[in-house]
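Below are the chains, spelled out letter by letter.
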Amino acid sequence: DTEEVLESTRLLLEREGHEVVVASTGSEGIALVESWAPHLLILDYFMPGMTGEEVVKRIRPSDTEVQILLQTGYASEKPPRVMLKQLDIQGYHDKSEGPEKLLIWVDAALKAYRQIATINKSRRGLRHILDAIPEMYNLQTLEDLLAGVLEQTEGLLGGHDSLVAAYHDRLTRPDDSDAGADLLAITVNREDGLEIVAGTGRFAGLKTLAEVEPELVTRLHDFMNQSEIIEDGPRVFVPLRVGSQALGTIYFDGKTGGGHDVELLRIFAMQASQALENRRLFGMATQDDLTRTLIKRFFFRRMEEEVHEACRYEYPIALCIVDLDEFKTVNDVHGHVLGDQVLREVSRILRNGLRGHDFVGRFGGDEFVIALPHTDRRTAVDVIERLRHRVEELKIGGADVRVTLSCGVVALQDYSPPKPVLRRGGLGRMVERMLELADEMLYVSKEQGRNAVNSAPSLTVSALVEAVDSVRTEQA
């Protein structure tokens, strides 16, 4: 209520190391609280134009965290306990008690603020983890999962320079020869298989060992067998483990915003580790070991889901069958080891030549099936022709073995009315019919001398359903 008290209080608090701003009126103080967000607000009870009690009632609805200390020269007028309860303030100081008592109230209020801030930060961090968990457990590529793990970790720590280091044999990843894959990975030490498999900020897109500082590489190696989070100044190492098995490490560089809750990081790392392990187990259950394409059963199930979505939202979807020409000769002449290498190289070309939502399955020894959602017949033929040409140019091993593909394509793309009602049980028969038509086109390519692509006329949903029903009637 006086400039002298205002100035002396400011000097007292600044001498104690606090950052202080001052206001001469209640309305000026409210504006400062809204713009500056202080940790502690010290108010006089009696002020010109607006009392301290009125200021508190204006501030509290929008700011529940700021600590408020109300001081007065007339403390006997209202009992302190009553004021603390009625106004939701943290202190009620009688000016006659002197500056030391004021500093005690200030220290107590700021200690309470830090405790509340820690609780709220932990609550926000826990909510961050709970929001992130469903996304981590969604089916997605390993690269997308690791990128998501880094993004969520940065959300907890702040900043943008991070990486995931892991042993290459403990995570399911594309072959090192997958030149067309997302190049998030570089080899750190091939002797023991440690790799940086994802990175952001200054670690994004690293391609050579020379771009990683040797001291960091050494620290990553040393940390791989640790089970606890290590903080080293602005750097944080978070272990990714499933039980006693070390999967990898999240490394974060350039922490901002002060300290963080290590226990929250530990909870998040545990969930991220389990998500990575689930992704590895899912890959083992659904992918062909040799070619890293989907096994037949899982491809068929995914294709059913894609056909259902295509019919629901009326977008085209193509299905393609490709077969290696005279592959038996390769095995007979050059042996099965080189034959397996051929299959790996061909599958790599197929996988890398497609978009993210396309998928490839292995249906037989040398036969692959490709699903192309949102793709009409003409575009599908162009895609498969491009893949066929790349395989034709492929050279395998020192024997200079060359292979070619015969291909069949079918596309579902006409949704003219009347649009039939699709039942879940009929989707499998629709996929089977599309496979039959694509297979017929494959044999046309074989009869033309191999190394060719042929496509069936575009399918309508009604015609496909009728074909399925007629086949079912004949079988009955």
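Right above here is the structure, for reference.
Thresholds applied
- Numbering of residues starts from 1 in each chain and follows the order in which that chain's sequence is written.
- Since the coordinates come from a predicted model, pLDDT governs what is reported: local features require at least 70, and pairs of side-chain atoms require 80 or more to be given and counted, while whole-chain, interface and lining totals use all residues.
- Only heavy atoms go into the side-chain values, all of them from the structure, while hydrogens and water stay out.
- Here a strand is any run of E in DSSP of at least two residues, a helix any run of H or I of at least four, and the numbering for each starts at the N terminus.
- Summary of the burial criterion: residues with accessible area below 20% of their type's maximum are buried, those above 50% are exposed, and those between are partly exposed, where the area comes from a 1.4 Å probe applied to protein chains only.
- We call two residues in contact whenever any of their non-hydrogen atoms come within 4.5 Å of each other.
- Only the protein chains shown count as cover for residues, and the accessible areas themselves come from Shrake-Rupley with a 1.4 Å probe.
- Here the expected length of a helix is defined as 1.5 Å per residue gap, with one fewer gap than residues.
- We call a set of buried residues a nonpolar core when its members are Ala, Val, Leu, Ile, Met, Phe, Trp, Tyr or Cys and they connect through side-chain atoms within 4.5 Å of each other.
- Ring geometry is summarised as follows: Phe, Tyr and Trp rings, the Trp one being its six-membered ring, pair when their centres sit within 6.5 Å, and such pairs are stacked at plane angles under 30 degrees, edge-to-face over 60 and tilted between the two.
- A ring is considered to have a charge above it if a Lys NZ or an Arg CZ atom is located within 6 Å of its centre and within 35 degrees of its normal.
- A pair of strands is treated as paired once DSSP finds two or more bridges between them.
- In this analysis an axis means a line fitted to C-alpha atoms, helices contributing only their contacting stretch, and an angle means the value between N-to-C directions, from 0 to 180 degrees.
- Polar contacts, as counted here, are pairs of nitrogen or oxygen atoms within 3.5 Å of one another; within protein the pair requires one atom able to donate a hydrogen and one able to accept it, and residues that are adjacent in sequence qualify only if both atoms are side-chain atoms.
- An angle below 35 degrees is read as roughly parallel, one above 145 as roughly antiparallel, one from 65 to 115 as roughly perpendicular, and any other as oblique.
- Here the term charged refers only to Asp, Glu, Lys and Arg, the term nonpolar to Ala, Val, Leu, Ile, Met, Phe, Trp, Tyr, Cys and Pro, and the term polar to all other amino acids, Gly among them.
- Whether a crossover is right-handed depends on one test, that the path from the first strand over the helix to the second runs clockwise when the strands point away from the viewer.
- In what follows, salt bridge is the name for a side-chain nitrogen of Lys or Arg lying within 4 Å of a carboxyl oxygen of Asp or Glu.

Trainee: Would you mind going over the overall build of the protein with me for this structure?
Mentor: Helix and strand content of the protein: 14 helices and 15 strands. Across the 476 residues that make up the protein, the buried fraction comes to 46%. A separation threshold of at least 6 residues defines the contact pool for the protein, and within that pool the share at least 24 residues apart is 67%. When the accessible surface of the protein is summed, it comes to about 24100 Å², and 51% of that surface belongs to carbon and sulfur atoms.

Trainee: Help me understand helix H9 (residues 296–313), please; the structure alone is not making it clear to me.
Mentor: An α-helical segment advances 3.6 residues per turn. Residues three or four places apart therefore align on the same side. Here H9 contains 18 residues, and its C-alpha end-to-end distance of 26 Å stays within 8% of the 26 Å for a straight helix at 1.5 Å per residue. Looking only at H9, the buried set comprises Phe298, Phe299, Phe300, Met303, Glu304, Glu306, Val307, Ala310 and Cys311. Glu314, located one to two residues past H9, shows a positive phi value of around 60°.

Trainee: Where do I start with unusual backbone geometry in this structure?
Mentor: Trans is the common state for peptide bonds, and a negative phi is the common state for residues other than glycine. Unusually for a residue other than glycine, Arg292 sits at a positive phi of about 60°. Residue Arg292 is classed as partly exposed on the basis of its relative accessible area of 28%. Of note, His374 is a non-glycine position whose phi angle comes to about 60°, a positive value. Looking at the element boundaries, His374 is found in the loop between strand E12 (367–373) and helix H12 (377–392).

Trainee: Would you explain the nonpolar core in this entry?
Mentor: One recurring pattern in soluble globular proteins is that nonpolar side chains are buried together. Among the nonpolar cores identified, the biggest contains 33 residues, and Phe299, Met303, Val307, Leu412 and Met434 are the most heavily contacted of them. One finds Cys320, Leu343, Ile370 and Val383 within the second-largest nonpolar core, a separate group that totals 32 residues.

Trainee: In this structure, what is going on with the packing of aromatic side chains? I would like to understand it.
Mentor: What the rule picks out here adds up to 5 aromatic pairs. Ring plane angle 45° and centroid distance 5.4 Å describe the contact between Phe223 and Phe237, whose orientation is recorded as tilted. A residue pair is termed long-range when its members are at least 10 positions apart, and Phe223 in helix H7 (residues 214–223) and Phe237 in strand E8 (residues 235–242) qualify at 14 residues. Taking the relative accessible area as the measure of exposure, Phe237 reaches 0% and is therefore buried. An aromatic cluster of at least three residues, connected via ring pairs, comprises Phe203, Phe223, Phe237 and Tyr251. Lying over the aromatic face of Phe363, Lys296 brings its terminal NZ or CZ to 5.2 Å of the ring centre.

Trainee: How should the side chain of Asp325 be read in this particular structure?
Mentor: Among the structural elements, Asp325 can be located in the loop between strand E10 (317–324) and helix H10 (327–334). Once you skip the residues sitting within four places of it in the chain, Asp325 turns out to touch Thr404, Leu405, Ser406, Lys446, Arg450 and Asn451.

Trainee: Honestly, the sheet that holds strand E2 (residues 67–72) in this entry has me stumped. Any pointers?
Mentor: For sheets, the rule is that strands pair by backbone hydrogen bonds, running either parallel or antiparallel. A sheet is described by the order of its strands in space; here 3 strands give the open sequence E1-E2-E3, paired in parallel fashion. Looking along the sheet, the strands with just one partner apiece sit at the ends: strand E1 (40–44) and strand E3 (91–94). Taking each pair of neighbouring strands and ignoring which way they run, the sheet shows an average axis angle of 20°. As paired strands, E2 and E3 are joined by 4 bridges and run parallel to one another. When the sheet's bridge partners are listed, Leu69 is paired in E3 with Gly91.

Trainee: I would appreciate a short explanation of the environment of Val383 in the present structure.
Mentor: In this fold, Val383 is placed in helix H12. Look at Val383 and you get buried, because its relative accessible area is 13%. With sequence-adjacent residues up to four places away left out, Val383 is seen in contact with Leu354 and Leu372.

Trainee: When you look at the side chain of Asp323 in this model, what are you seeing that I'm missing?
Mentor: Mapped onto the secondary structure, Asp323 falls in strand E10. Its relative accessible area of 11% is what places Asp323 among the buried residues. Within the structure, the side chain of Asp323 is placed 2.6 Å from the side chain of Lys446, a separation counted as a polar contact. When near neighbours in sequence (up to four residues on either side) are disregarded, Asp323 contacts Asp366, Glu367, Thr404, Leu405, Ser406, Leu442 and Lys446.

Trainee: I would appreciate a short explanation of the packing of H10 against helix H11 (residues 336–352) in the present structure.
Mentor: For any two helices packed against each other, one specifies the inter-axial angle together with the distance between the axes. Two elements in contact, H10 and H11, have axes separated by 7 Å at closest approach and are oriented at 140°. It follows from the interaxial angle that H10 and H11 lie oblique. Every residue of H11 that contacts H10 at Phe327, Val330, Asn331 and His334 is listed here: His336, Leu338, Gly339, Val342 and Leu343. Here the contact of H10 with H11 is composed, by residue class, of 5 nonpolar, 4 polar and no charged.

Trainee: Help me understand the pairing of E1 in this model?
Mentor: Within a regular beta strand, the side chains point alternately toward one face of the sheet and then the other, so they alternate between its two faces. Of all 5 residues that make up E1, 4 are buried, and the element is covered over most of its length. Crossover handedness for the path E1 to helix H3 (residues 52–59) to E2: right-handed.

Trainee: Would you mind going over the pattern of salt bridges with me for this structure?
Mentor: Oppositely charged side chains can form a pair if their charged atoms are brought close together. Evaluated as defined, the whole model comprises 20 salt bridges. The closest approach of N and O atoms between Glu345 and Arg348, which form a salt bridge, is 2.8 Å. Of this pair, Glu345 and Arg348 both sit in helix H11, 3 residues apart, which is roughly one turn of the helix. Each member of the pair Glu345 and Arg348 is classed as buried. Arg388 is the partner of Glu385 in a salt bridge, and the nearest nitrogen-oxygen pair spans 2.9 Å. Linking Glu385 with Arg388, this pair stays in helix H12, spanning 3 residues, or about one helical turn.

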